Amino acid sequence: MNEPVLKKAMDTLEFLSQDAEARRLYEDRQKYLHDEASMIEGALAEGEKRKASQMALELLRLGVDTAIIAKASGLTEAEISALKRQD
């Protein structure tokens, strides 16, 4: 057990295995951290999608071909066509 991180993990595991309430609190905290990370990841993905849509719309207004916009933005041609109808 020379590794400090491994020792800490083993100590935590030993502590949690002795106390059901501490284990429950630990698991709740882990779930909260996981949920928070998922929300942040989802928000970032949504922001990237919104930015790609804005770029695609600007390119459409400039008369760029849909296939080229799809390749540059990562959007599908169907998504770009929908943007074109909305504009």
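Each remark here, short or long, concerns the structure printed above.
Given the structure is predicted, the values throughout are model-derived calculations rather than measurements.

What about the overall build of the protein?
When its secondary structure is counted, the protein shows 4 helices and 0 strands. Beginning at the N terminus, the succession of helices and strands in the protein can be written as α-α-α-α. Here the protein has a C-alpha radius of gyration of 24 Å; the compact-globule value for 87 residues is 12 Å, and the former is much larger. Expressed along its principal axes, the backbone C-alpha trace of the protein runs to roughly 65 × 30 × 15 Å. When the 87 residues of the protein are sorted by exposure, 15% land in the buried category. Taking contacts inside the protein between residues at least 6 apart in sequence as the whole, the part at least 24 apart equals 24%. As displayed, the protein offers around 7,100 Å² of accessible surface, 57% of which is attributable to carbon and sulfur atoms.

What about the environment of Ala-37?
Mapped onto the secondary structure, Ala-37 falls in helix α2 (residues 20-61). Using a relative accessible area of 44% as the deciding quantity, one classes Ala-37 as partly exposed. In the structure, Ala-37 is positioned 17 residues away from Gln-54 in sequence and 26 Å away in space, judged by C-alpha atoms.

Details of helix α3 (residues 66-73)
Three or four residues apart is the spacing at which side chains of an α-helix point the same way, because the helix has 3.6 residues per turn. Listing the buried residues of α3 in full gives Thr-66, Ile-69, Ala-70 and Ser-73. What you see down the axis of α3 is that its buried residues fit within an arc of 100°, all on one side. Exposed residues on α3 whose side chains face more than 90 degrees from its buried face are Ile-68, Lys-71 and Ala-72. Those residues of α3 hidden inside the fold are in contact with α2 and α4 (77-86).

Procedures and definitions
Residues numbered from 1 in each chain as written. Predicted model: local features only at pLDDT ≥ 70, side-chain atom pairs only at ≥ 80, totals over all residues. Heavy atoms only, no water. Helix = DSSP H or I, 4+ residues; strand = E, 2+ residues; numbered from the N terminus. Rg over C-alpha atoms; globule rule 2.2 N^0.38 Å. Buried < 20%, exposed > 50% of the residue type's maximum accessible area, 1.4 Å probe, protein only. Contact = heavy atoms within 4.5 Å. Areas by Shrake-Rupley, 256 points an atom, 1.4 Å probe, with all protein chains shown as cover. Arc of directions from axis to C-beta.

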